[in-house]
Each structure stands twice: as C-alpha cells, then as structure tokens.
Amino acid sequence: MSGRPLDVLEASLGEDVTVQLKGGEIFEGELTGYDQHMNLVIEDEDTTIIRGDNVVSINP
C-alpha cells in the first residue's frame, strides 16, 4: 500500500476504519466512500458523512 492519503483510502474501501476528528470525536465503521477532498462516508448502524477538513486521522 502506498503512503499517499487517497491511495490509502482507496485500499480501505469496504474495510472497517477508525476516524478521529479535530474535536476529539471518534467514528468507527465501514468506509463506503470518499472524494478528492477526503470527505468520508462511514457506515455502521447509521450512515455518517464526515467533512474532510475535520479529520485528524484515519486508521484502517
């Protein structure tokens, strides 16, 4: 896996990820989508759309 952020997201599609936001909030679920701005779609019990500029880290 390449170290470029969008390559990591592409390789993580369909996998469970942990996303930490600037305010300290943490989301866990399946990464089902993203765009060039690193906006994320995470699905668990609900579907959550996370704006990319709020993301601190994504752990596949």
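The following refers to the structure shown. Computed from a prediction, not measured in an experiment: that's the story for all the values here.

### So, the overall build of the chain
- Along its length, the chain carries one helix and five strands.
- Reading the chain from its N end, one meets helices and strands in the order α-β-β-β-β-β.
- Compactness check: the chain gives a C-alpha radius of gyration of 10 Å against a globular reference of 10 Å for 60 residues, within 12% of the reference.
- Along the first, second and third principal axes, the C-alpha set of the chain runs to 25 × 20 × 15 Å.
- Burial status across the chain gives 22% buried among its 60 residues.
- Of all intrachain contacts in the chain linking residues separated by at least 6 positions in sequence, the fraction that spans at least 24 positions is 35%.
- Here the chain displays about 4,100 Å² of accessible surface, and carbon together with sulfur accounts for 44% of that area.

### Focus: the nonpolar core
- Judged by nonpolar contacts, Leu9, Val17, Val19, Leu21, Leu31, Leu40, Ile42, Ile50 and Val55 together constitute the single largest core of nine residues.
- Those elements giving two or more residues to this core turn out to be β1 (16-21) and β3 (40-43).
- Tallying contributions element by element places β1 first for this core, with three residues.
- Setting aside residues up to four positions removed in sequence, Ile42 forms contacts with Val17, Val19, Glu28, Gly29, Glu30, Leu31, Thr47, Thr48 and Ile50.

### Things to note about a negative patch on the surface
- A contiguous patch of negative charge, built from Glu15, Asp16, Glu28, Glu30, Glu43, Asp44, Glu45 and Asp46, is present on the exposed surface.
- For Asp44, the location among the structural elements is in the loop between β3 and β4 (47-50).

### Describing the pattern of salt bridges
- Considering all chains together, one arrives at two salt bridges under this definition.
- Between Arg4 and Asp7 there is a salt bridge whose closest N-O contact spans 2.7 Å.
- Judged by relative accessible area, Asp7 falls into the partly exposed class, the value being 27%.
- Residue Arg51 is joined to Asp53 by a salt bridge in which the shortest nitrogen-to-oxygen separation is 3.1 Å.
- For Arg51, a relative accessible area of 56% gives the class exposed.

Here is what the cut-offs are and how they apply
- Residues numbered from 1 in each chain as written.
- Predicted model: local features only at pLDDT ≥ 70, side-chain atom pairs only at ≥ 80, totals over all residues.
- Heavy atoms only, no water.
- Helix = DSSP H or I, 4+ residues; strand = E, 2+ residues; numbered from the N terminus.
- Rg over C-alpha atoms; globule rule 2.2 N^0.38 Å.
- Buried < 20%, exposed > 50% of the residue type's maximum accessible area, 1.4 Å probe, protein only.
- Contact = heavy atoms within 4.5 Å.
- Areas by Shrake-Rupley, 256 points an atom, 1.4 Å probe, with all protein chains shown as cover.
- Core = buried A, V, L, I, M, F, W, Y, C linked by side-chain atoms within 4.5 Å.
- Patch = residues over 30% accessible without salt bridge, like charges linked within 9 Å, V, L, I, M, F, W, Y side chains within 5 Å.
- Salt bridge = Lys/Arg side-chain N within 4 Å of Asp/Glu carboxyl O.
- Lys, Arg positive; Asp, Glu negative; His and termini not counted.
- Charge placed at Lys NZ, Arg CZ, Asp CG, Glu CD.

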